[in-house]
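Letter by letter, the chains look like this.
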Amino acid sequence: WIQTPEAPRCLWRGGRAWVVEGLFDLVALYKVVPTGDAVFATLRAALGRKEVVFLRRFCTAGVIMAYDNDETGRRATEGWYDEAEDRHRMGAIRALERAGVPHVRACSYRGKDPGAVWEKRGVEGLAADFGGI
């Protein structure tokens, strides 16, 4: 994954982690997340084991999942039932909770993804959807 330059320092000082899919989403949220919070992009709609371990170790204030508002993003966030294999697939929220990461939640916003919100509604739209969380 990639992160904003001060992300580890923000977590160390008690900031929250915002997790998005792509680079444009990271840049968009970086403009409006509260001061002291960090933004990470997994570069796909999946949170790997190493990222879960990192967040468990260093993130004490919570994680906000802001994956895309499409089926893939929702599945990666919340999980889904895989009919082909007859089993439930765990999403990022459940994986983080099971690992002991505190205050994990999904971010609800209008638009396809944070980058699209920025493109369509500008910084004002980003602030309205993400700035006050």
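## Description of the overall build of the protein chain
Then, number 1: A tally of regular secondary structure across the protein chain gives 6 helices and 7 strands.
Then, number 2: When the elements of the protein chain are put in sequence order from the N terminus, they spell out β-α-β-α-β-α-β-α-β-β-α-β-α.
Then, number 3: Taking 14 Å as the expected radius of gyration for a compact globule of 133 residues, we find that the protein chain reaches 14 Å, a close match to that expectation.
Then, number 4: Expressed along its principal axes, the backbone C-alpha trace of the protein chain runs to roughly 45 × 35 × 20 Å.
Then, number 5: Here the protein chain holds 133 residues, and 46% of them are scored as buried.

## Brief notes about helix α3 (residues 49–58)
Then, number 1: Here α3 has its buried residues at Glu 51, Val 52 and Leu 55. An end-on view of α3 places all buried positions within 100° of arc, on one side of the element. Exposed side chains of α3 directed beyond 90 degrees from the buried face belong to Arg 49, Lys 50 and Arg 57.
Then, number 2: Looking at the buried side of α3, the elements it contacts are β2 (17–20), β4 (63–65) and α5 (92–99).

## Examining unusual backbone geometry
Generally, phi is negative for residues other than glycine and the peptide bonds are trans, each holding for most cases.
Then, number 1: Of note in the backbone geometry, Leu 43 takes a positive phi value of approximately 65° without being a glycine.
Then, number 2: If you trace the backbone, Leu 43 turns up in the loop between β3 (38–41) and α3.

## A look at the sheet that holds strand β7 (residues 104–106)
Then, number 1: What the 5 strands build is an open sheet, ordered β1-β3-β2-β4-β7; its pairing is mixed. Two strands bound the open sheet, and with one partner strand each, they are β1 (2–3) and β7.
Then, number 2: Looking at chain direction, β2 and β3 are connected through 4 bridges and run parallel. Counted as the bridge partner of Ala 17 is Ala 38 from β3.
Then, number 3: Lying on the sheet, helix α2 (residues 23–30) is in contact with β1, β2 and β3; it crosses β3 at an angle near 170°.
Then, number 4: Helix-sheet contacts for α5 involve β4 and β7, and the interaxial angle to β7 is about 175°.

Rules used throughout
- Residues numbered from 1 in each chain as written.
- Predicted model: local features only at pLDDT ≥ 70, side-chain atom pairs only at ≥ 80, totals over all residues.
- Heavy atoms only, no water.
- Helix = DSSP H or I, 4+ residues; strand = E, 2+ residues; numbered from the N terminus.
- Rg over C-alpha atoms; globule rule 2.2 N^0.38 Å.
- Buried < 20%, exposed > 50% of the residue type's maximum accessible area, 1.4 Å probe, protein only.
- Arc of directions from axis to C-beta.
- Contact = heavy atoms within 4.5 Å.
- Pairing = 2+ DSSP bridges.
- Axes fitted to C-alpha atoms, helices over the stretch in contact; angles between N-to-C directions.

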